[in-house]
Amino acid sequence: MLEFRDLSVTLGDFSLSADLSVDQGARVAVIGASGSGKSTLLSLVSGFLPPDRGQVLWEGRDLRPLAPGQRPVSVLFQDQNLFPHLTVAQNIGLGLRPDLRLSGDQHRQVAQALERVGLTGMADRKPARLSGGQQSRVALARVLLRARPILLLDEAFSALGPALKDEMLDLLAQIAGQTGATVLMVTHDPDDARRFAPQTIVIENGRANPPVATGPLLDNPPPGLRRYLGA
Ligand SMILES: Nc1ncnc2c1ncn2[C@@H]1O[C@H](COP(=O)(O)OP(=O)(O)OP(=O)(O)O)[C@@H](O)[C@H]1O
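Residues numbered from 1 in each chain as written. Predicted model: local features only at pLDDT ≥ 70, side-chain atom pairs only at ≥ 80, totals over all residues.

### Describing the overall build of the protein
Each helix and strand in the protein was counted, giving eight helices and eleven strands. For 231 residues, the compact-globule estimate of 2.2 N^0.38 gives 17 Å, and the protein sits close to it at 18 Å. Once the C-alpha set of the protein is aligned to its principal axes, its extents read approximately 50 × 40 × 30 Å. Restricting to contacts in the protein with at least 6 residues of sequence separation, those with at least 24 account for 66%. (Helix = DSSP H or I, 4+ residues; strand = E, 2+ residues; numbered from the N terminus. Rg over C-alpha atoms; globule rule 2.2 N^0.38 Å. Contact = placed C-beta atoms within 7 Å.)

### A closer look at the UniProt feature "domain: ABC transporter" (unreviewed entry) in the protein
Those residues carrying the UniProt feature "domain: ABC transporter" (unreviewed entry) are residues 2-230 in this numbering. Secondary structure within residues 2-230 divides into 35% helix and 25% strand; the distance between the first and last C-alpha atoms comes to 31 Å. (UniProt positions renumbered as here; feature names shortened; annotations may be inferred.)

### Some words on the site of the ligand
If you check the shell around the ligand, you find L11, G12, F14, G32, S34, G35, S36, G37, K38, S39 and T40 and nothing else. In terms of residue count, the dominant contributor to the shell around the ligand is helix α1 (residues 38-46) (three residues). For the shell around the ligand, a count of residues per class yields two nonpolar, eight polar and one charged. (Near = placed C-beta within 6 Å. Nonpolar A, V, L, I, M, F, W, Y, C, P; charged D, E, K, R; others polar.)

### Concerning the environment of A159
Within the element layout of this structure, A159 appears in the loop between β7 (150-154) and α5 (162-179). Residues A159 and G132, spaced 27 residues apart in sequence, show a C-alpha to C-alpha distance of 8.0 Å.

### Thoughts on helix α4 (residues 132-146)
Taking 1.5 Å per residue, 15 residues should reach 21 Å; α4 reaches 21 Å between its end C-alpha atoms and fits that length. Three or more residues of α4 are buried, namely S136, R137, V138, A139, L140, A141, R142, V143, L144 and L145. Packing partners of the buried residues in α4 comprise β6 (73-77), α2 (88-93), α3 (104-116), β7 and α5. Immediately downstream of α4, the backbone of A147 shows phi near 50 degrees, a positive value. (Expected span 1.5 Å × (residues − 1). Buried ≥ 20, exposed ≤ 12 C-beta atoms within 10 Å, placed from the backbone.)

### Description of the pairing of strand β3 (residues 27-31)
Along β3, five of the five residues are buried, which leaves the element largely enclosed by surrounding structure. Residues R27, A29 and I31 of β3 are buried on one face, and the alternating residues V28 and V30, pointing to the opposite face, are buried as well. By the bridge criterion, four bridges tie β3 to strand β8 (residues 182-186) in an arrangement that is parallel. Bridge pairing in β8 places V30 opposite V186. Summarising the sheet, β3 and strand β9 (residues 199-204) pair through four bridges and their orientation is parallel. Opposite I31, over in β9, you have V202 as the bridge partner. (Pairing = 2+ DSSP bridges.)

Here it is as structure tokens:
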């Protein structure tokens, strides 16, 4: 279980608080207006932002003493964090070893991950020679190999067209199912939440609310969320 226990952080004149938990293996959308604190919530988990008060716990363990790289967390951003000077295979291999000194077995794992995301034959390309969707697949293959138990997505697929985005969300759901990852996905698109996330955290008025079932929430949104969705 991922727990935000009596957590609060203040950034200038903005404050965010959270007191909630997310079940292990859950897929949860994080929605709220622009500037409501969605990225801030993820940063508290990834460790890029320390809380002023409270704790973030994973399986009962306080994550605060752990630096971002030591946390059981992978993060996907919109730019997919691909290194332009490295090949597709090397970008994926970073998920196994940051110094890329891979064993024979690890090279095979990279090849399997490439196959898994439908990029067989593209191992030696540089990211610039891939489409946006293919770049997303590389990022997902790396996540698959990292196999960290918590996966955070910050509008990772928002630059993709609707059909491609749906394809990526479905692939992500398969990969998360395979690794058993607990996923928090920031999105501005309620359709993404419906497609991918059985539960949703709404951030409003400086507070991240406990996850609720996505379908009923979006079918009958509370007034603040209704305004934001333009429904
Ligand atoms: N380092 C900082 N110092 C001061 N204020 C900050 C800092 N970082 C973020 N903020 C403020 O915190 C608030 C929440 O920002 P955050 O990026 O979490 O929002 P968001 O919901 O992810 O927004 P968006 O949907 O536009 O990406 C914003 O009002 C932002 O201006």
